[in-house]
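What follows is each chain in one-letter form.
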Number of protein chains: 4
Amino acid sequence: MPLVLLGACTYTRVMQTVSIGVIGGSGYSGMELLRLLSGHPGFRVAFATSDRWEGKRLRDKIRDAQRFGDLAFCSVEAGLQQLQQCQVVAMATPSETSLSTLPLLLKGGLRVIDLAGSFRLKDASLYPPFYAFEHSAKALLEQAVYGLTEWFRSDIPQATLLANPGCYATAAAMAVAPFLKKQLLAEDTLVINAASGISGAGRKATEEYGYMEIEGDFRAYRLRRPHQHRPEITQTLERIAQRPVDVAFFPHLLPMKRGILCTVFAKTKAGINQAHIEEALGEVYGGEPLVEICPTPEEVRIASVAHRPHLQIAACIEGNKLTVVSALDNLLKGAAGQALQNLNLMFGYPETLGLLYGEK
Amino acid sequence: MPLVLLGACTYTRVMQTVSIGVIGGSGYSGMELLRLLSGHPGFRVAFATSDRWEGKRLRDKIRDAQRFGDLAFCSVEAGLQQLQQCQVVAMATPSETSLSTLPLLLKGGLRVIDLAGSFRLKDASLYPPFYAFEHSAKALLEQAVYGLTEWFRSDIPQATLLANPGCYATAAAMAVAPFLKKQLLAEDTLVINAASGISGAGRKATEEYGYMEIEGDFRAYRLRRPHQHRPEITQTLERIAQRPVDVAFFPHLLPMKRGILCTVFAKTKAGINQAHIEEALGEVYGGEPLVEICPTPEEVRIASVAHRPHLQIAACIEGNKLTVVSALDNLLKGAAGQALQNLNLMFGYPETLGLLYGEK
Amino acid sequence: MPLVLLGACTYTRVMQTVSIGVIGGSGYSGMELLRLLSGHPGFRVAFATSDRWEGKRLRDKIRDAQRFGDLAFCSVEAGLQQLQQCQVVAMATPSETSLSTLPLLLKGGLRVIDLAGSFRLKDASLYPPFYAFEHSAKALLEQAVYGLTEWFRSDIPQATLLANPGCYATAAAMAVAPFLKKQLLAEDTLVINAASGISGAGRKATEEYGYMEIEGDFRAYRLRRPHQHRPEITQTLERIAQRPVDVAFFPHLLPMKRGILCTVFAKTKAGINQAHIEEALGEVYGGEPLVEICPTPEEVRIASVAHRPHLQIAACIEGNKLTVVSALDNLLKGAAGQALQNLNLMFGYPETLGLLYGEK
Amino acid sequence: MPLVLLGACTYTRVMQTVSIGVIGGSGYSGMELLRLLSGHPGFRVAFATSDRWEGKRLRDKIRDAQRFGDLAFCSVEAGLQQLQQCQVVAMATPSETSLSTLPLLLKGGLRVIDLAGSFRLKDASLYPPFYAFEHSAKALLEQAVYGLTEWFRSDIPQATLLANPGCYATAAAMAVAPFLKKQLLAEDTLVINAASGISGAGRKATEEYGYMEIEGDFRAYRLRRPHQHRPEITQTLERIAQRPVDVAFFPHLLPMKRGILCTVFAKTKAGINQAHIEEALGEVYGGEPLVEICPTPEEVRIASVAHRPHLQIAACIEGNKLTVVSALDNLLKGAAGQALQNLNLMFGYPETLGLLYGEK
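What you are looking at is a predicted structure, and each value in this text was computed from that prediction instead of being measured.

J.: How should the overall build of chain A be read in this particular structure?
T.: Secondary structure summary: chain A contains twelve helices and 15 strands in total. The C-alpha radius of gyration of chain A comes to 20 Å, within 12% of the 21 Å expected for a compact globule of 360 residues. With respect to the principal axes defined by its C-alpha atoms, chain A has extents near 65 × 60 × 45 Å. Counting contacts in chain A only where the partners sit at least 6 residues apart, residues at least 24 apart contribute 69% of the total. On chain A, roughly 12100 Å² of surface is accessible, and the fraction owed to carbon and sulfur atoms is 50%. Computed over 36 positive and 35 negative side-chain charges, the inter-centroid distance for chain A is 4 Å.

Right under this line is the structure:
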């Protein structure tokens, strides 16, 4: 019987293995990134740091990560001593840690992908009000490549410092951007309602995120002191629209583990109809492997994107009122999934390598 | 030892017992109304109908309803034969049933409170697009008293046909109305995002509301074919504002049993600040026993109103952007609780009798 | 029109108001007890302590506790200075606190009801293995009255130190006791499987009880180091059986807020049939206001007891294999509800006063 | 740069592609099997039937099943006309359908794997009491190979009719079997408590499995009319023990989508200790790729097996009382995962091909 080489095998023949270090491997984004890397043929994890799990094997803490063998979590200090083995480091830490550590990595000649928010905003003056810290590495803000992959794909391959977008910021900006790009929207406030599962809050042993507080509840948060993703959304949309964009943003907390749903209201210019809307979505996202355009906005659901690397999107219009609904898994397209998408581009792999089920 | 008569006892000395029939006693609103009535000293349930539970005792189906003794659910036909025993009938049926049955009750000289939507809208032409039926009793629409208690309280005591408001319509209109009444809002679109627990969908043995579909999901619905509560919201707001009001309304389905949260975005006139906002809320709702003004909108939570008859509300302003958050239990302030509030007014009882825990 | 005095009013004419202090008012049991007391006509809360909420008004933290007016939580120290105003103190603290504080209260001449476990076991030697402390007030263990109300009702009125039973211990012992009392069981191991909602774990800001850990999970716990309620169950059952009873006990953690379900397996003596079983349940619990005997064990459900003060129970037999299922709300019949049931008996009130909806 | 062929690629070079038909492709097990098959390099789905989705593309209903291209669900009749293209058919239908359809497939010379219960029991007389039908193909019962893979692996490669085990039956039998095989257990009743997520009930548009009924509830079921998996458990255990085995079995319904946890109580022979227990587990399951032996029974969790093809197991002993806890995903190791494990063996593929994340 002859051997049949399945097409599915194509991607597993790779040119090289890239050595990657992960700082912050026990937060939810870090864990998800490690899980993805464990199934990726083109990366080899050189080290992963964790305060909480120092000395424990990755495979005992990360699902299905047998491939890591006996590799154990180490301290940040120990990790930093292994940098010479690495080509790239992923930071999956709080923003403050990222801000202080990342410049050292760059100085050491490494490429860095930052899953925190410290290098996402170009305007350093936004850090004090939105992140509660003065930015200590302003010179790097300009250099940082903002990794909203579908929109700024050409910037990514040569990035040295890749700022991976926030979860809300991805869901919201990707919902609105097609219509700004196609100049379909009136210059009015965009009203972005969003709701996120609890993993978006990061791993915290606080009563606020205890089961007793979250289960059976739904509430808005970060309204009076606006959420730090709002200026990130505005920055992206203004870059695409090439004009000022006014954004109102209302995040909510959902009693579920994973997922974000955004429901965006915008006013269109006169004469725009459903055909224009669908055309815009199709033009922008029609060929995107990690974007699913749903037939109707009611079909965009958190249940359909949870544990998947995709963004779902659909829109409808009534008069000049446009409604766009988007959804993603906050740990995947909203964090580690988009990070791996960007890492693939940074190192010349196919963009979805290691991300799509059954694609091997 | 002397007897001490506690103040708490005041309300249990009543002038009369009103005899009430309940049509549709096994839907979620009907069950909740029966549960409330079982603890109310001023009403006696003459009959309760249910197709599904005909012949079963109320106390075996309704929580803590021992007071009903051996009273059993009957068919609608059997219920209609006991009308002469009743002073009032509550309709907790689908809107179509309410539309066909209610005129007969009125002709029989009964007062009626309708928990369905058939008599909420004044403009009969809105029924085909929003309720999918032609209205067959248009003459009654004008006569119907719309029972948003806090806003139209003076209409209620003499109502013969009381149209009890919808759950979303209560949460949304009560969120916006104070600011329209005080003429603080610019004439721009109101953007109302709302999310509801599953009991809002009524009792249905459909796969759509099965556990496997709902758990871990969150999605918008009734966007392209707008939700029937939208014109109800508009009607209320225009009555209060005495001008046209433009409403965009986005309902969502929450994976929980009970509760609605509304997050409303509106633009204010120039010069309005947080003090004006709080003053408006205080003036309108400050003395209301079933409205809780929270210190901040982040404190308005479904967990705080579930199983309680209250509406919670708070607002904040940034520039000319007003955000109002309101919450209620869709079966209580959003249905049976407000119905009992209205019934109390219709029959001369204290407004909160039978509604507040520990107030006896 | 003549005044009609409703029967419902009977209980609100009371002879006296008992002044009660609550130590530990911000744990889940303490909060539930305060909520119940706020609706009870016969108790006046003199003080309530809370470290976390010192200075905050009870009514702002406890649902529907408006009746408390401006009473604020105080420190334990401040509470202890108000003891002279009290006739009774409820301890709703961790067991260690209860153990050290309670003897002082007794010396001060107060009656005490202890919702912790420190005085439930008669055999002091069981404290080190099951509670991880040496008992420092062994002399009080004998004096303590164990408040499993339905079984030891006659002991309660005169109790000075009332040890309120544990939640699992109530659900499990009440499930088995009727059959031991009627001598229907063979002398074989009782196998008690139980599952509890998260409120049973108390209020803890730990990652273990975070939403991300609990949601979508189910697991057994305290198997190798057996749960402290096991000796409490054994003690109760041996007291009723008047012989040694061997208990295997398997607690599990449920992803829900409230409720315990016990499924007990026991072997009966020869010749026992379903009629004997139902007769035993009927004889023991038939007249109990807070026990519901369900027609079948499949109808015993956590959803039917949550937020209610009742225990549900039913049993079936196949050959000599008896299955008993019981359920209760761990914060009510499993803690604060049974505590109020006992307090009612201690102070001469009707046993269910303040516990049953609609009974006023 | 040289090509590096990763070891991960090994399995994707396969000898052949096996053509498989799936009858019942829109039930939860059928959907899960199709999802797994879409990622498996060695099977090609020839047809998949579904009444509810006839004419719809598989890829629009099954997650991440793009590989199916435009293949659409067809009727059973249409499926049966394509049998000549198939080497094997998987039945994922109700047991009655499987019973009537499967003999036709065998007559047509096909191999069949049955995910229903119709051919699991060897004793035809058990079908009326446990499945409520008379068995109409008794002659096939003997021929059927019972596919509890880890225990009867050698039977599977040559199976023509493979009866895939039930979910509870897999979790329970695999928990007890090692200790029976090693003859560590006394001849006493095994008490098996089990709890299952809702997907175990199959896809049903009934109120019983509606969100409003399931959320916040936990209850036992099928106690008086014992669950059909009990004789399946007994049959397996007796085959392994080579003696009669007495089983008490208590299934419960969990408010979650996926997962089963079994907590088994058994009495051991004298002199058995923890070392014997762990040795038994290690000997039997130590080398199994789809069994995880956890360090302690408290670490066996539904959250750790959900969406994974593994069974987790651990045990502890106190005196002669053995407790074993096992967990699995009812749709994977409890249904479609074990089915694919068996299909791999039936067609000469590596046993875990298509099942393990990152193993390609």
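That covers the picture; the talk isn't over yet.
J.: Hey, could you run me through the sheet that holds strand β14 (residues 311-318) of chain D in this one?
T.: Strand pairs in the sheet, formed through backbone hydrogen bonds, run parallel or antiparallel to each other. Residues and elements named next belong to chain D. Taken in spatial order, the seven strands line up as β10-β11-β9-β12-β15-β14-β13 in an open sheet, and their pairing is mixed. Whereas interior strands pair on both sides, the edge strands pair on one side only; in this sheet they are β10 (219-220) and β13 (291-293). With seven bridges connecting them, strand β9 (residues 190-196) and strand β11 (residues 247-253) associate as parallel partners. Residue V191 lies in a different strand from β11, and its bridge partner there is A248.

J.: Quick question: what am I supposed to make of the relation of the copies chain A and chain B here?
T.: In this arrangement, two copies of a chain are superimposed by a rotation about an axis accompanied by a shift along the axis. Taken as rigid bodies, chain A and chain B are interconverted by a rotation of 180° and an axial shift of 0.0 Å, the fit giving an RMSD of 0.0 Å. Taken together, the rotation and translation describe the operation of a two-fold axis. Same-surface contact between copies: 100% of interface residues of chain A are shared with the interface of chain B.

J.: Just checking my understanding: could you explain the relation of the copies chain D and chain C for this structure?
T.: Superposing chain D onto chain C takes a rotation of 180° combined with a translation of 0.0 Å along the rotation axis, leaving an RMSD of 0.0 Å. The overlap is high: 100% of the interface residues of chain D also sit at the interface in chain C, so the same surface is used on both sides.

J.: I would appreciate a short explanation of the pairing of strand β3 (residues 18-23) of chain D in the present structure.
T.: A regular strand carries its side chains on alternate faces of the sheet. Residue and element names in this part refer to chain D. Buried residues dominate β3, accounting for six of its six residues. In the sheet, β3 pairs with strand β4 (residues 43-48) via five bridges, with the strands oriented parallel. Within β4, the position partnered with I20 by the bridge is V45. Handedness of the crossover joining β3 and β4 through helix α1 (residues 28-38): right-handed. Relative to strand β5 (residues 88-91), β3 runs parallel, the two being bridged by four bridges. Pairing of V22 across the sheet is with A90, part of β5.

J.: I keep staring at the packing of helix α7 (residues 167-181) of chain B against helix α9 (residues 229-241) of chain B and nothing clicks. Help me out?
T.: Each packed pair of helices is defined by two parameters, the angle between the axes and the distance between the axes. Residues and elements named next belong to chain B. One can describe the packing of α7 onto α9 by two numbers: an axis separation of 9 Å at closest approach and a directional angle of 25°. Looking at the two axes, α7 sits roughly parallel to α9. The two elements α7 and α9 meet at a crossing, and its hand is right-handed. Note on element contacts: α9 touches α7 through H229, E232, I233, T236, L237, I240 and A241, opposite C167, Y168, A169, A172, A173, V176, A177, L180 and K181. Residues belonging to the contact of α7 with α9 are distributed by class as follows: twelve nonpolar, two polar and two charged.

J.: I'm lost on empty space enclosed by the protein in this one. Help?
T.: Over the atoms, a rolled probe matching the size of one water molecule traces out where space is still vacant. According to the stated counting rule, one finds 18 cavities of 30 Å³ or more in the structure shown. Here the largest cavity is characterised by a volume of approximately 130 Å³. Lining the largest cavity are 13 residues, and of these L223(C), R230(C), F250(C), E318(D) and T323(D) lie nearest its centre. At the level of elements, β11 (247-253) of chain C together with β14 and β15 (321-328) of chain D are the ones that each hand at least two residues to the lining of the largest cavity. Among the residues forming the lining of the largest cavity, the class breakdown is seven nonpolar, two polar and four charged.

J.: Quick question: what am I supposed to make of helix α11 (residues 332-346) of chain D here?
T.: For an α-helix, 3.6 residues make a turn, and residues three or four places apart therefore share a direction. Residue and element names in this part refer to chain D. Here α11 spans only 18 Å end to end across 15 residues, well under the 21 Å set by a 1.5 Å rise per residue. Most of α11 sits inside the fold, with 15 of its 15 residues counted as buried. With its phi angle positive at about 80°, G348 sits one or two positions after the end of α11.

J.: Please explain unusual backbone geometry as it appears in this structure.
T.: The phi torsion of most residues other than glycine is negative, and most of the peptide bonds are trans. Notably, Q242(B) is not glycine yet its phi reads approximately 60°, a positive angle. Counting through the fold element by element, Q242(B) comes out in the loop between α9 and β11 (247-253). For Q242(B), a relative accessible area of 67% puts it in the exposed group. Even without being glycine, Q183(C) reaches a positive phi, approximately 55°. Relative to the helices and strands, Q183(C) is located in the loop between α7 (167-181) and β9 (190-196).

J.: Is there a simple way to think about the interface of chain D and chain C in this case?
T.: One frequent convention defines the size of an interface as the accessible area lost when the parts assemble. Listed per partner, the contact involves 41 residues of chain D and 41 residues of chain C. On the chain D side of the contact with chain C, F218(D), R224(D) and E298(D) bury the most area, a combined 18% of that side's loss. Between chain D and chain C we count twelve salt bridges in total. A salt bridge links D188(C) to K267(D); the nearest nitrogen and oxygen atoms lie 2.5 Å apart. For the pair chain D and chain C, the number of links is 24 residue pairs in polar contact (both at pLDDT 80 or more).

J.: Is there a simple way to think about the sheet that holds strand β7 (residues 145-146) of chain D in this case?
T.: Residues and elements named next belong to chain D. Pairing in this open sheet of six strands is parallel, and the strands run β4-β3-β5-β6-β8-β7 from one edge to the other. Sheet topology places β4 and β7 at the edges, where each strand pairs with a single neighbour. Along the sheet, helix α3 (residues 95-107) contacts β3, β5, β6 (111-114) and β8 (161-163); its crossing angle with β5, the most-contacted strand, is approximately 175°. Of the strands in this sheet, β3, β4, β5, β6 and β8 touch α11, which is tilted by about 160° from β6.

J.: Would you take a moment to explain the packing of helix α1 (residues 28-38) of chain B against helix α12 (residues 332-346) of chain B for this structure?
T.: Residues and elements named next belong to chain B. The N-to-C vectors of α1 and α12 enclose an angle of 40°; their axes lie 9 Å apart at closest approach. As the angle between them shows, α1 and α12 are arranged oblique. In this structure, α1 meets α12 at a crossing whose hand is right-handed. Along its contact with α1, which presents S29, E32, L33, L36 and L37, the element α12 presents L332, A335, A336, G337, A339 and L340. Across the contact of α1 with α12, the residue classes tally to eight nonpolar, two polar and one charged.

J.: I tried to follow α1(D) on my own but got confused; where do I start?
T.: Counting buried residues in α1(D) gives ten out of eleven residues, a clear majority hidden from the surface. Restricting attention to buried positions, one finds in α1(D) the residues Y28(D), G30(D), M31(D), E32(D), L33(D), L34(D), R35(D), L36(D), L37(D) and S38(D). Along its buried surface, α1(D) packs onto α8 (211-214) of chain B together with β3, β4, β5 and α11 of chain D.

J.: Even after reading the chapter, I still don't get the interface of chain A and chain B, so can you show me in this structure?
T.: The interface of chain A with chain B comprises 41 residues on the first partner and 41 residues on the second. Of all residues in chain A, F218(A), R224(A) and E298(A) bury the most surface against chain B, accounting for 18% of the area lost on that side. Between the two partners, chain A and chain B, sit twelve salt bridges. In this structure, D217(A) and R301(B) form a salt bridge, with 2.5 Å as the shortest nitrogen-oxygen distance. Linking chain A with chain B are 24 residue pairs in polar contact (both at pLDDT 80 or more), by the criterion used here. Elements with a contribution of two residues or more to the side of chain A that touches chain B: β9 (190-196), β10 (219-220), β11 (247-253), β12 (260-267), α11 (302-305), β14 (311-318) and β15 (321-328) of chain A. Looking at the side of chain A that touches chain B residue by residue, the class counts come to 21 nonpolar, seven polar and 13 charged.

J.: Would you mind showing me how to read the pattern of salt bridges here?
T.: When the charged atoms of two side chains lie near each other, side chains of opposite charge can form a pair. All names here are of chain C. Overall, the coordinates contain 96 salt bridges over all chains when judged by the stated rule. Salt-bridge contacts for E32 lead to R35; the nearest nitrogen and oxygen are separated by 3.0 Å. Placement of both E32 and R35 in helix α1 (residues 28-38) is noted, with a separation of three residues, approximately one turn of the helix. A residue is classified by how much of its surface remains accessible, and E32, at 5% relative accessible area, is buried.

J.: In this structure, what is going on with the confidence of the model for chain A? I would like to understand it.
T.: Residue and element names in this part refer to chain A. Mean pLDDT over chain A stands at 93; residues scoring 70 or higher make up 95%. Per-residue pLDDT stays below 50 along residues 1-14; that stretch engages in 38 contacts with residues further than four places along the chain or on separate chains. Listed scores for the predicted complex are pTM 0.94 and ipTM 0.93.

Cut-offs and rules
- Residues numbered from 1 in each chain as written.
- Chains lettered and ligands numbered in written order.
- Predicted model: local features only at pLDDT ≥ 70, side-chain atom pairs only at ≥ 80, totals over all residues.
- Heavy atoms only, no water.
- Helix = DSSP H or I, 4+ residues; strand = E, 2+ residues; numbered from the N terminus.
- Rg over C-alpha atoms; globule rule 2.2 N^0.38 Å.
- Contact = heavy atoms within 4.5 Å.
- Areas by Shrake-Rupley, 256 points an atom, 1.4 Å probe, with all protein chains shown as cover.
- Lys, Arg positive; Asp, Glu negative; His and termini not counted.
- Charge placed at Lys NZ, Arg CZ, Asp CG, Glu CD.
- Pairing = 2+ DSSP bridges.
- Least-squares fit on C-alpha atoms with pLDDT ≥ 70 in both.
- Buried < 20%, exposed > 50% of the residue type's maximum accessible area, 1.4 Å probe, protein only.
- Right-handed = clockwise from strand over helix to strand, strands pointing away.
- Axes fitted to C-alpha atoms, helices over the stretch in contact; angles between N-to-C directions.
- Parallel < 35°, antiparallel > 145°, perpendicular 65-115°, else oblique.
- Left-handed = near helix turned anticlockwise from the far one by under 90°.
- Nonpolar A, V, L, I, M, F, W, Y, C, P; charged D, E, K, R; others polar.
- 1 Å grid on protein atoms, 1.4 Å probe; cavity = no way out; pocket = protein on both sides within 12 Å on 5 of 7 lines; lining within 4 Å.
- Points joined across faces, edges and corners; volume = space filled by probe spheres on them.
- Expected span 1.5 Å × (residues − 1).
- Buried area = accessible area lost by both parts, 1.4 Å probe.
- Salt bridge = Lys/Arg side-chain N within 4 Å of Asp/Glu carboxyl O.
- Polar contact = N/O pair within 3.5 Å; in protein donor to acceptor, adjacent residues only side chain to side chain.
- pLDDT = per-residue confidence, 0-100.

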